Amino acid sequence: DKSGLEWSNGSTVNLKSGELKGFLELYNGDGKDNSYRGIPYYQRKLDEFAEGLATKFNDEHEKGYGLDGETGKQFFDFDGAKGIAATITLHEDILTDLKNIAAGGEPGNAEDNTNLLKLIGLRDEKGFFDEGLSQGTPDDFLKSIISNLAVDSMQGQRMYESQNIILKNIESKRNSISGVSYDEETADMVRFQHAYVAAARMITTMDNIMDVTINRLGLVGR
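What comes next is a walk through the structure. What you see is a predicted model; the values in this text were computed from it and never measured. (Residues numbered from 1 in each chain as written. Predicted model: local features only at pLDDT ≥ 70, side-chain atom pairs only at ≥ 80, totals over all residues. Heavy atoms only, no water.)

Another point: the overall build of the chain. Within the chain, the secondary structure is distributed over seven helices and two strands. Along its sequence from the N terminus, the chain presents helices and strands in the succession α-α-β-α-β-α-α-α-α. Scaling as 2.2 N^0.38, a compact globule of 222 residues should have a C-alpha radius of gyration of about 17 Å, whereas the chain reaches 40 Å, well beyond that. Relative to all contacts within the chain whose residues are 6 or more apart in sequence, the contacts with residues 24 or more apart total 40%. Counting only carbon and sulfur atoms, one obtains 55% of the accessible surface of the chain, whose full area is about 16900 Å². (Helix = DSSP H or I, 4+ residues; strand = E, 2+ residues; numbered from the N terminus. Rg over C-alpha atoms; globule rule 2.2 N^0.38 Å. Contact = heavy atoms within 4.5 Å. Areas by Shrake-Rupley, 256 points an atom, 1.4 Å probe, with all protein chains shown as cover.)

Turning to the nonpolar core, a few remarks are in order. Residues Phe57, Phe75, Phe76, Leu122, Phe129 and Phe141 are the most contacted members of the largest nonpolar core, which totals 14 residues. Among the elements of the structure, helix H2 (39-61) and helix H6 (138-178) are those that each provide at least two residues to this core. Apart from the residues lying within four places of it in its own chain, the contact partners of phenylalanine 57 are Phe75, Phe76, Leu119 and Leu122. (Core = buried A, V, L, I, M, F, W, Y, C linked by side-chain atoms within 4.5 Å. Buried < 20%, exposed > 50% of the residue type's maximum accessible area, 1.4 Å probe, protein only.)

What follows deals with unusual backbone geometry. When glycine is set aside, most residues are seen to have a negative phi, and most peptide bonds are trans. Positioned with a positive phi, aspartate 33 is a non-glycine residue whose angle comes to about 55°. For aspartate 33, the position within the fold is in the loop between helix H1 (19-28) and H2. Accessibility expressed as a relative area gives 78% for aspartate 33, which makes it exposed.

Moving on, we come to the packing of H2 against H6. Direction vectors running N to C along H2 and H6 enclose 175°, while the axes themselves pass 11 Å from each other. Comparing the axis directions of H2 and H6 gives the class roughly antiparallel. Listed contacts from H6 to Tyr41, Tyr42, Lys45, Leu46, Glu48 and Phe49 of H2 are Pro138, Phe141, Leu142, Ile145, Asn148, Leu149 and Asp152. (Axes fitted to C-alpha atoms, helices over the stretch in contact; angles between N-to-C directions. Parallel < 35°, antiparallel > 145°, perpendicular 65-115°, else oblique.)

Moving on to H2. Under the 1.5 Å per step criterion, the end-to-end length of H2 is 32 Å for 23 residues, consistent within 8% with the ideal 33 Å. Taken as a whole, H2 has its buried residues at Tyr41, Tyr42, Lys45, Phe49, Ala50, Gly52, Ala54, Phe57, Asn58, Glu60 and His61. Its buried side turned inward, H2 meets strand S1 (76-77), helix H3 (84-87), helix H4 (92-96), helix H5 (114-121) and H6. (Expected span 1.5 Å × (residues − 1).)

We now examine the packing of aromatic side chains. Tallied over the full model, the rule gives eight aromatic pairs. Plain terms: the ring middles of phenylalanine 57 and phenylalanine 75 are 4.8 Å apart, the flat faces sit at 50° to each other, and that makes the pair tilted. Of this pair, phenylalanine 57 sits in helix H2 while phenylalanine 75 sits in the loop between H2 and S1; the two residues are 18 residues apart in sequence, bridging distant segments of the chain. One exposure class covers both phenylalanine 57 and phenylalanine 75, and it is buried. On the numbers, 5.1 Å between centres and 75° between planes, the contact of phenylalanine 75 with phenylalanine 76 is edge-to-face. As far as burial versus exposure is concerned, phenylalanine 75 and phenylalanine 76 are alike and both buried. Through a chain of ring-to-ring contacts, the aromatic side chains of Phe49, Phe128, Phe129 and Phe141 assemble into a single cluster. The ring of tyrosine 41 has arginine 37 sitting right over it, with the charged end atom 5.6 Å from the ring centre. (Phe/Tyr/Trp six-rings, centres within 6.5 Å; stacked < 30°, edge-to-face > 60°. Lys NZ or Arg CZ within 6 Å of the ring centre and 35° of its normal.)

Laid out in structure tokens, this is it:
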């Protein structure tokens with residue numbers, strides 16, 4: 001089940017963008033129906049790889065014979081209910097006794113390693129994975145997962161950078177209307193100061209003219 005957010009009244013919070021929406025997509029994204037490829041998607045791909053590897057290897061291993069002459073048993077074991085990739089391990093029979101490794105192609109020959117060579121050759125088998133998008137050898141499957149992860153990472157980085165550019169443009173336009181430009185305000189202060197000094201000088205000059213006209217010119221007729 002996918003996780004989400006709800007209001008106190010039980011209605012679903014409809015997130016259209018933002019960091020919280022990104023976290024939810026990362027947590028819920030299973031890659032189905034062109035949805036975001038988040039943690040569930042890569043968990044599923046790793047489970048597919050682990051299951052395919054264990055199944056193919058076990059099938060080939062069971063065709064061989066161990067040192068005791070008995071046919072091979074399972075080589076890998078896993079718990080599908082708890083996650084295949086998280087629980088895959090060597091089968092208990094192999095861990096208990098290495099003689100149970102079915103290296104031989106026929107019973108009773110301790111030097112026979114034909115089945116072991118076949119097991120090793122599975123690594124280069126082109127049809128090892130023949131279903132889904134990630135086909136080819138085990139290496140091809142892993143490279144496909146890593147390539148998808150790299151593409152998703154680059155896309156996320158590009159989206160982050162694009163959103164930052166848009167945000168900076170919006171902030172710049174907002175500041176150009178309602179914000180304060182320190183350079184512009186400083187220039188205005190200098191300009192107003194010069195205008196004030198010029199006006200003060202003009203008033204001083206007018207005051208001197210009035211003083212001469214009224215107080216000094218009146219002494220001529222005395």
